Amino acid sequence: MARVPKKNSKKPSAIVITIVLAAFKRTDLLPHALNAIARQDFPSSRFELIVVDDTASGQNKKVTDSFKGKITNLIFISPGHQGAAKARIKAFAQAKGDIIAFTDEDTLPKKDWLSQIKKAFDAHPEAAGIEGKVYTDTIKPLFSNAPENLHGGIYIGCNTHYRRAVLEKVNYYDPEFYFWREDTNLAFKALTQGKIIFVPEVVTHHPAKSIAPVSLWKNLHHLKDDMLLFRRFPQKTVSFVGREWIRHAGVSAMAWLLVLAGYALDGWIGLALGIIIYGIFRTLLNLQKKRFTFKEGAQFLFITFVRDLAFPFYFVYYLITVNVFNTPDFSPRMAQ
């Protein structure tokens, strides 16, 4: 479990909201996020921004320092590359606000974002947290990361916010989560203290962020964090992510069926036919409203095909190692 940061012992501050912004390797995107925060219509003296750098490369510090004249209360900390959860834990020790707002380097909060967060918490004193709307581009590159939360219940970390008192009670983030499901785990813990209310007026734009094609394969490692979440909150996890598991299992079963049945019925010709049918299915399922070249489309189909065949093996492996043998810690993995 995370060690609870010491509470700030200074005199009460005028700061109401502390923004914790997690930054990794996208120094090209960080200035846009900082600009969005600098343009907030919320009084500048009543919020602070803590930029938590998870790279320790020095580049994010240069970008952040260039905004010191635009953002009144700006703090930069760089604990080194430890993962998103551990990085954010470091920020809580310095936070002064009674509300902790979260965003990332690749998101763009609307101008009234902080004002709407404060308004929402004032309107819902019973709420442990406030979940805002996250939208992305209508058409996006094929190899991109672009989460959305249009109706609530997803708890995306870049636009879900909590009362500081609640975070103290639930002991903040769990450092065992490296990159995936750390936000969901925090939300599940916060729900033990009260409701997390979806407020669509709290808006963040998450532009589609390009990712390497191999990231589609690396996403199988997310199952490890899924299983850690399941170990902690079995019923909530099944309710939250069960349909996603079933969908992946269904596509995987289809891929295996087409491969085995095709080969059994007509050898290599049948196998090739089965793969073609799979490719058509995947194209209809995933390639709509995406920008891509022929080469990128071929890469996508190949990687997803291999990933779908591997899915059941990864699922069972992590189910056993995490939930049966209680794997205590996760070695760092490269974030997408």
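The structure contained in this document is the topic of the report that follows. (Residues numbered from 1 in each chain as written. Predicted model: local features only at pLDDT ≥ 70, side-chain atom pairs only at ≥ 80, totals over all residues. Heavy atoms only, no water.)

### Examining helix α9 (residues 234-286)
For α9, which comprises 53 residues, the first-to-last C-alpha distance of 29 Å sits more than 12% below the rise-based estimate of 78 Å (1.5 Å per residue). The largest bend in α9 amounts to roughly 145° and is located at aspartate 266. (Helix = DSSP H or I, 4+ residues; strand = E, 2+ residues; numbered from the N terminus. Expected span 1.5 Å × (residues − 1). Bend = angle between axes of the 7 residues up to and from the residue.)

### Things to note about the environment of asparagine 35
Its location among the elements puts asparagine 35 in helix α1 (residues 30-38). Linking asparagine 35 and serine 239, residues 204 residues apart in sequence, is a C-alpha distance of 38 Å. If sequence neighbours within four positions are ignored, asparagine 35 has contacts with Phe67 and Lys70. (Contact = heavy atoms within 4.5 Å.)

### Some details on unusual backbone geometry
Residue asparagine 171 is not a glycine yet carries a positive backbone phi of 70°. Topologically, asparagine 171 is positioned in the loop between α5 (164-170) and α6 (182-190). You will see that tyrosine 172, though not glycine, has its phi angle at about 60°, which is positive.

### Topic: the pattern of salt bridges
Enumeration according to the criterion identifies 15 salt bridges in this entry. The residue lysine 209 makes a salt bridge to aspartate 106 at a minimum N-O spacing of 3.2 Å. Linking lysine 209 in strand β11 (residues 209-210) with aspartate 106 in the loop between β4 (99-104) and β5 (108-109), this pair joins segments that are 103 residues apart in sequence. Exposure remark for lysine 209: the relative accessible area of 11% places this residue in the buried category. The salt bridge involving arginine 232 is made with glutamate 176; its shortest N-O contact spans 3.4 Å. Taken together, the residues arginine 232 in helix α8 (residues 222-232) and glutamate 176 in the loop between α5 and α6 connect sequence positions 56 residues apart. (Salt bridge = Lys/Arg side-chain N within 4 Å of Asp/Glu carboxyl O. Buried < 20%, exposed > 50% of the residue type's maximum accessible area, 1.4 Å probe, protein only.)

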